[in-house]
Protein chains: 2
Amino acid sequence: MVTLAEVARHAGVSASTVSYVLSGKRSISTGTRERVERSIQQLGYHPNAGARALASSKSNVIALMMPLRTDMYVPVMMEIAIAVATTARAHGYDVLLLTGDEGPAAVRRVTGSGLADAMILMDVELDDERLPLLRDSERPAVLIGLPADTTELTCVDLDFVATGALCVEHLAELGHRDIAFIGEAPAVYERHTGFAERTLEGLRGKAGELGVRLLHRPCDAGYGPTSATLARVLDERPGTTAFIVQNESAVEPLLGVLRQRGRAVPEDVSVLAICPDQVALQASVRLTSVSIPAEEMGRRAVERIVAKLAGRGEDEVSLITPELTVRASSGNAPG
Amino acid sequence: MVTLAEVARHAGVSASTVSYVLSGKRSISTGTRERVERSIQQLGYHPNAGARALASSKSNVIALMMPLRTDMYVPVMMEIAIAVATTARAHGYDVLLLTGDEGPAAVRRVTGSGLADAMILMDVELDDERLPLLRDSERPAVLIGLPADTTELTCVDLDFVATGALCVEHLAELGHRDIAFIGEAPAVYERHTGFAERTLEGLRGKAGELGVRLLHRPCDAGYGPTSATLARVLDERPGTTAFIVQNESAVEPLLGVLRQRGRAVPEDVSVLAICPDQVALQASVRLTSVSIPAEEMGRRAVERIVAKLAGRGEDEVSLITPELTVRASSGNAPG
DNA sequence: ACGTTGAGTCGAAGCGCTTCGACTCAACGT
DNA sequence: ACGTTGAGTCGAAGCGCTTCGACTCAACGT
């Protein structure tokens, strides 16, 4: 491995000069700079990450803590992770991948060892046990998701309350008066995942306001559970003319079951999905949807982190305004 | 931050003794060890990662290079990534997440800077431009996937040739004589992705051997392309009684289109998928499938890496034997 | 009674950077 | 003619570990 000292010798300058060329923290004459840069090129020098971290007490690494579960919103998680990695690189940071199963211990380990300068946490629960540690830690952290208490925390998330409201509003405008919400799996509500509860809050609030009847049914993924759920909904509320789906793995089953029962979309029933655009576009019917802006969430999270590491940026909750795209699955209420 | 020196002072021993307690590289008396461990606990000490890396020239980090694309096999990628992270932690390593878009430069940067001790590469193309660098590098690397030339490389992959053969064999046994293979998107073949070509090789080889007719059609994801592809297949080969699908986002569209055309599965046509078990189980028909053992691939890759870092283990190609699970989508050929 | 051995411990050097203070020297104003 | 200023450079210290060599001392065989 080539060291900074070898570069210095090759360029005929001192080690500190090479360091200042690299960091730009002191002015360097053009001639010297060029000579050093040439030596770096010729020798194929890469600064040693460990030495740099030790001397500067900055690792230039951001830790990303992902959920271990692979049973839900996989495409969203993946897109966020890739956006985080890409944005981080653009700012000169690398990304350390942690899984959620280490829990609070991972937070302690990473912040304590200086492995990373900051953390991004996904899949935050309303009363997450990692939060006290983050509040105490002097290292910046950003949550993707919204816990119950956000004091002293920085969060980035889609505004799920507004998302729920927007869905009801759209359907109400089309004349729908009886809406069913096919939600996430029961386990998601039991874990008190923030986004699921907030969506429900937004849906119920707007439904109450506009005098629309709303039926909420958690639903496991797959054809069997969806079919059963749908049967119960249609039994209890035969007048249902619109469905809102949040669980992306229930989308295709729902469309399939509706087709089986001879209910045309959007003539007989409208379907509105809360899902990534890609899912909405690849479904068997092009879905009217509120998109989950995974890329933007990942990117914003990194930008906040970078700002905080640079000493700028307060703790704050940054909610992304939902956007509804009308496609082929929603239309006027029948009759 | 608590340092090793503070732990030493607290425990009344020298710094090197604390270090040896931590590493176990020299014998320590029980009394001293316990005293040091108590001090570590009480002070909440975590060794500084940078200092450790600098002194030992080992970072205890494994880099994982993932494809940037989010348009294909997302669940597989995700499951591999999580298996890598989990297995790595179990061996005391952390995982650095790199995206493929930095290309060979990322390999140079990571190996040159000592950011990681080893690399795992996913989404390897047959003639990948990162391979020469890996062969030259003194740092261990493992590929998940199989390039054209595997000399001096360690690879882990599903045996896709055997997978293709297994699929044809199963269908031939059921009496099918006309099989259509709905492959990956055309772009995948154009990039010469190894697994796609190898699957085809296995399918064709076994089909030739058993005298079965095989039609190969690349197919983009979504209902439109799948529907069009299927129409062409049924036009050209009306006698087709079985489909093999590799592109997991074509699975549900294929089933939907078959249903629309009144072809019952498995009475009229058999469908066999090459996909993760989860996809096979959540489809509208429980699919007979050859599973893609994502978890095992990730785990094996890390185990190889760890072995190589410990000085054990040769360069070698490790192919996982495919397993076919019969479910509800395959049956005897009609007539 | 003696050297030998190994368990247990310490001190110092060194890993490859960053950063501080100090120096030189030309340019500048008075 | 003089001090002042800032651009440009260097040397040394220090970041927090690991590891080598050296030391002590009890246990052991002869």
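Note that the structure is predicted; figures quoted are calculated from it, not measured.

### Topic: the interface of chain A and chain B
Step number 1: If you look at the interface, chain A gives 50 residues, while chain B gives 50 residues.
Step number 2: Both sides of the chain A and chain B interface together cover about 4,100 Å² of buried area, and 65% of this is carbon and sulfur.
Step number 3: Taken as a group, His-46, Met-78 and Leu-97 of chain A account for 15% of the area that chain A buries against chain B, more than any other trio of residues on that side.
Step number 4: Here chain A is connected to chain B by four salt bridges.

### Describing the protein's contact with DNA strand C
Step number 1: Close to DNA strand C lie 28 residues; Ser-19, Tyr-20 and Arg-26 of chain A together with Thr-17 and Thr-32 of chain B are nearest.
Step number 2: Atoms of DNA strand C within 4 Å of the protein: sugar and phosphate make up 58%, bases the balance.
Step number 3: Note that a sugar or linking oxygen of DNA strand C is positioned 3.0 Å from one of the side-chain N or O atoms of Tyr-45 of chain A.
Step number 4: Taking Asn-48 of chain A, its main chain carries an N or O atom lying 3.5 Å from a phosphate oxygen of DNA strand C.
Step number 5: For the surface near DNA strand C, the secondary-structure elements that each account for two or more residues are α2 (15-23) and α4 (49-56) of chain A together with α2 (15-23) and α4 (49-56) of chain B.
Step number 6: The biggest single contributor to the surface near DNA strand C is α4 of chain A, with five residues.

### Some remarks on the domain arrangement of chain A
The accessible area lost on association of the parts is a frequent measure of interface size.
Step number 1: Assigned domains within chain A: domain 1 (4-47), domain 2 (61-158 + 294-320) and domain 3 (160-293).
Step number 2: Between domain 1 of chain A and domain 3 of chain A, the C-alpha centre-to-centre distance is 60 Å.

### A few points about the relation of the copies chain A and chain B
Step number 1: Screw-axis analysis of chain A against chain B gives a translation of 0.1 Å along the axis, an RMSD of 0.1 Å, and a rotation angle of 180 degrees. Put plainly, the chains are arranged around a two-fold axis.
Step number 2: With an isologous cut-off of 70% or more, the 100% of interface residues of chain A that recur at the interface of chain B puts this contact in the isologous class.

### Points about unusual backbone geometry
Step number 1: In this structure, the amide linkage connecting Val-265 of chain A to the following residue, Pro-266 of chain A, adopts the cis form with an omega of 10 degrees.
Step number 2: Mapped onto the secondary structure, Pro-266 of chain A falls in the loop between α12 (248-260) and β9 (270-275).
Step number 3: In this structure, Glu-152 of chain A is a non-glycine residue whose phi angle is positive, near 60 degrees.
Step number 4: Its relative accessible area of 56% is what places Glu-152 of chain A among the exposed residues.
Step number 5: In this structure, Asn-60 of chain B takes a positive phi of about 60 degrees despite not being glycine.
Step number 6: Inspection of the secondary structure assignment puts Asn-60 of chain B in the loop between α4 and β1 (61-66).

### Describing the protein's contact with DNA strand D
Step number 1: In the vicinity of DNA strand D, 28 residues are found, and the nearest of them are Thr-17 and Thr-32 of chain A together with Ser-19, Tyr-20 and Arg-26 of chain B.
Step number 2: By atom count, sugar and phosphate contribute 59% of the portion of DNA strand D lying within 4 Å of the protein.
Step number 3: Here a phosphate oxygen of DNA strand D and a side-chain polar atom of Ser-29 of chain A are 2.8 Å apart.
Step number 4: Tyr-20 of chain B is positioned such that a nitrogen or oxygen atom in its side chain is 2.6 Å from a base nitrogen of DNA strand D.
Step number 5: It is α4 of chain B that contributes the most residues to the surface near DNA strand D, five residues altogether.
Step number 6: Along the lines of polarity and charge, the residues of the surface near DNA strand D split into 13 nonpolar, eleven polar and four charged.

### Re helix α10 (residues 194-210) of chain A
All names here are of chain A.
Step number 1: Spanning 17 residues, α10 covers 24 Å between terminal C-alpha atoms, matching the ideal 24 Å at 1.5 Å per step.
Step number 2: Among the residues of α10, Gly-194, Phe-195, Ala-196, Arg-198, Thr-199, Leu-200, Gly-202, Leu-203, Lys-206 and Ala-207 are the ones counted as buried.
Step number 3: The secondary structure elements touched by the buried residues of α10 are α8 (160-173), β6 (178-182), α9 (186-190), β7 (213-217), β8 (242-245) and β9.
Step number 4: Phi turns positive one or two residues past the end of α10, at Gly-211, with a value near 70 degrees.

### A few points about empty space enclosed by the protein
Empty pockets left among the atoms are what a rolling probe the size of a water molecule brings to light.
Residues and elements named next belong to chain B.
Step number 1: Tallying each qualifying case throughout the model produces six cavities of 30 Å³ or more.
Step number 2: Reported here for the second largest cavity is a volume of approximately 340 Å³.
Step number 3: Taken together, 27 residues make up the lining of the second largest cavity; nearest its centre are Tyr-73, Val-76, Met-77, Phe-160 and Phe-195.
Step number 4: Elements represented by at least two residues in the lining of the second largest cavity include exactly α5 (74-90), α10 (194-210), α12 (248-260) and β9 (270-275).
Step number 5: It is α5 that provides the largest number of residues to the lining of the second largest cavity, a total of three residues.
Step number 6: Each residue belonging to the lining of the second largest cavity can be placed in one class, and the counts come to 16 nonpolar, six polar and five charged.
Step number 7: Taken domain by domain, the lining of the second largest cavity gets at least three of its residues from each of domain 2 (61-157 + 294-316) and domain 3 (160-293).

### Description of helix α1 (residues 4-11) of chain B
All names here are of chain B.
Step number 1: Along α1, the residues that are buried comprise Val-7, Ala-8 and Ala-11. What you see down the axis of α1 is that its buried residues fit within an arc of 100 degrees, all on one side.
Step number 2: Tucked into the core, α1 has its buried residues touching α2 and α3 (30-43).

### Observations concerning the nonpolar core
Step number 1: Residues Ile-120 and Ile-244 of chain A together with Ile-120 and Ile-244 of chain B are the most contacted members of the largest nonpolar core, which totals 108 residues.
Step number 2: Aside from chain neighbours lying at most four places away, what touches Ile-120 of chain A is Ile-62, Ala-63, Leu-64, Met-65, Val-84, Val-142, Ile-144, Ala-301, Val-302 and Ile-305 of chain A.

### Things to note about the sheet that holds strand β8 (residues 242-245) of chain B
All names here are of chain B.
Step number 1: The strand order across the open sheet built from six strands is β7-β6-β8-β9-β10-β12, with neighbouring strands paired in mixed fashion. At either end of the open sheet lies a strand with only one pairing partner, and these are β7 (213-217) and β12 (324-325).
Step number 2: In terms of strand pairing, β9 meets strand β10 (residues 288-291) through four bridges, oriented parallel. Note that in β10 the partner of Cys-275 across the bridge is Ser-291.
Step number 3: Packing of helix α8 (residues 160-173) onto the sheet brings it into contact with β6 (178-182), β8, β9, β10 and β12, and relative to β9 it is tilted by some 165 degrees.
Step number 4: Strands β8 and β9 of the sheet are contacted by α12, whose axis makes an angle of about 155 degrees with β8.

### Some remarks on the pairing of strand β11 (residues 317-320) of chain A
Residues and elements named next belong to chain A.
Step number 1: Covered by surrounding structure in β11 are Ser-318 and Ile-320 only, the residues Val-317 and Leu-319 on the alternate face being uncovered.
Step number 2: Across four bridges, the pairing between strand β5 (residues 155-158) and β11 is parallel. Pairing of Val-156 across the sheet is with Ser-318, part of β11.

Cut-offs used in this document
- Residues numbered from 1 in each chain as written.
- Chains lettered and ligands numbered in written order.
- Predicted model: local features only at pLDDT ≥ 70, side-chain atom pairs only at ≥ 80, totals over all residues.
- Heavy atoms only, no water.
- Contact = heavy atoms within 4.5 Å.
- Buried area = accessible area lost by both parts, 1.4 Å probe.
- Salt bridge = Lys/Arg side-chain N within 4 Å of Asp/Glu carboxyl O.
- Near = heavy atom within 4 Å.
- Polar contact = N/O pair within 3.5 Å; in protein donor to acceptor, adjacent residues only side chain to side chain.
- Helix = DSSP H or I, 4+ residues; strand = E, 2+ residues; numbered from the N terminus.
- Domains from an automatic or database assignment.
- Least-squares fit on C-alpha atoms with pLDDT ≥ 70 in both.
- Buried < 20%, exposed > 50% of the residue type's maximum accessible area, 1.4 Å probe, protein only.
- Nonpolar A, V, L, I, M, F, W, Y, C, P; charged D, E, K, R; others polar.
- Expected span 1.5 Å × (residues − 1).
- 1 Å grid on protein atoms, 1.4 Å probe; cavity = no way out; pocket = protein on both sides within 12 Å on 5 of 7 lines; lining within 4 Å.
- Points joined across faces, edges and corners; volume = space filled by probe spheres on them.
- Arc of directions from axis to C-beta.
- Core = buried A, V, L, I, M, F, W, Y, C linked by side-chain atoms within 4.5 Å.
- Pairing = 2+ DSSP bridges.
- Axes fitted to C-alpha atoms, helices over the stretch in contact; angles between N-to-C directions.

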